[in-house]
Amino acid sequence: MLVSGPALVRDARITGTTVHLTGDTTAASALTVWSPSRIRTVRWNGRRVPVSATALGGLTARSRLAGPPAVSLPEPTGWRHAPESPETDPDFDDRDWRVRDLTTSHSAIEVPAGQPAVLFADDYGVRYGDVWYRATVTDAGDAETLSLTYQADTLG
């Protein structure tokens, strides 16, 4: 069986002399079906579709299939807002955060050489999601640059 016209045909079955089609349209659509010659009736999403025979042996709908119904959504009201990442504010109070002071890791990934503490989130009980780290550099001496490196696991 070959079907032309609708955006998506989800299922096609033949019962006796009827072809039953289910699917979706994105706009009003033509419908033509090429199937065994015994087929005389076409049903689309459970409704009978009046058809005419084509010169090439198919059946074509006499009128277009309906497009999808209009969707009317209610007007949204009562919007609320909260900053997504308050941690970006330099004045954010992080005094209750756990200090990242582990020096060994349970990770299969090696801790980068020269890193003063393990910063793998999993070692601190964070199994998923984003993690914020904050630090204060108090004695940079004569340093001219600060280098930060990010390493994700196989999922990030």
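As annotated in an unreviewed UniProt entry, the protein chain is Beta-galactosidase domain-containing protein from Streptomyces thermoviolaceus subsp. thermoviolaceus.

Chemist: Help me understand the environment of Arg95 in this model?
Modeler: Of note, Arg95 is situated in the segment after strand S8 (59–61). With 16 residues separating them in the primary sequence, Arg95 and Val111 have C-alpha atoms 26 Å apart. In terms of polar contacts, Arg95 uses its side chain to reach the side chain of Asp93, at 2.6 Å.

Chemist: Would you mind showing me how to read the UniProt feature "domain: Beta-galactosidase" (unreviewed entry) in the protein chain here?
Modeler: Under the local residue numbering, the UniProt record ascribes the feature "domain: Beta-galactosidase" (unreviewed entry) to residues 2–59. Span residues 2–59 is 0% helix and 55% strand, its end C-alpha atoms 11 Å apart.

Chemist: Help me understand the layout of surface pockets in this model?
Modeler: A probe matching the size of a water molecule, rolled over the atoms, marks out where space remains unfilled. If you add up the space inside the second largest pocket, you get close to 250 Å³. In terms of lining, the second largest pocket is formed by 13 residues, of which the most central are Trp44, Asn45, Arg47, Ala66 and Gly67. Counting residues per element, the ones that place at least two in the lining of the second largest pocket are strand S3 (18–24) and strand S6 (47–49). Ranked by residue count, the leading element in the lining of the second largest pocket is S6, at three residues. By residue class, the composition of the lining of the second largest pocket is six nonpolar, four polar and three charged.

Chemist: Would you take a moment to explain the sheet that holds strand S2 (residues 8–15) for this structure?
Modeler: The pairing of strands in a sheet happens through backbone hydrogen bonds and is either parallel or antiparallel. Read across the open sheet, the four strands follow the order S2-S3-S5-S6; overall the sheet is mixed. Two strands in the sheet have a free side with no partner beyond their single neighbour: S2 and S6. Direction aside, neighbouring strands of the sheet carry axes that sit 30 degrees apart on average. One ladder, built from three bridges, connects strand S5 (residues 41–44) with S6; its direction is antiparallel. Residue pairing in the sheet places Val42 in a bridge with Val49 of S6.

Reading guide: rules and limits
Residues numbered from 1 in each chain as written. Predicted model: local features only at pLDDT ≥ 70, side-chain atom pairs only at ≥ 80, totals over all residues. Heavy atoms only, no water. Helix = DSSP H or I, 4+ residues; strand = E, 2+ residues; numbered from the N terminus. Polar contact = N/O pair within 3.5 Å; in protein donor to acceptor, adjacent residues only side chain to side chain. UniProt positions renumbered as here; feature names shortened; annotations may be inferred. 1 Å grid on protein atoms, 1.4 Å probe; cavity = no way out; pocket = protein on both sides within 12 Å on 5 of 7 lines; lining within 4 Å. Points joined across faces, edges and corners; volume = space filled by probe spheres on them. Nonpolar A, V, L, I, M, F, W, Y, C, P; charged D, E, K, R; others polar. Pairing = 2+ DSSP bridges. Axes fitted to C-alpha atoms, helices over the stretch in contact; angles between N-to-C directions.

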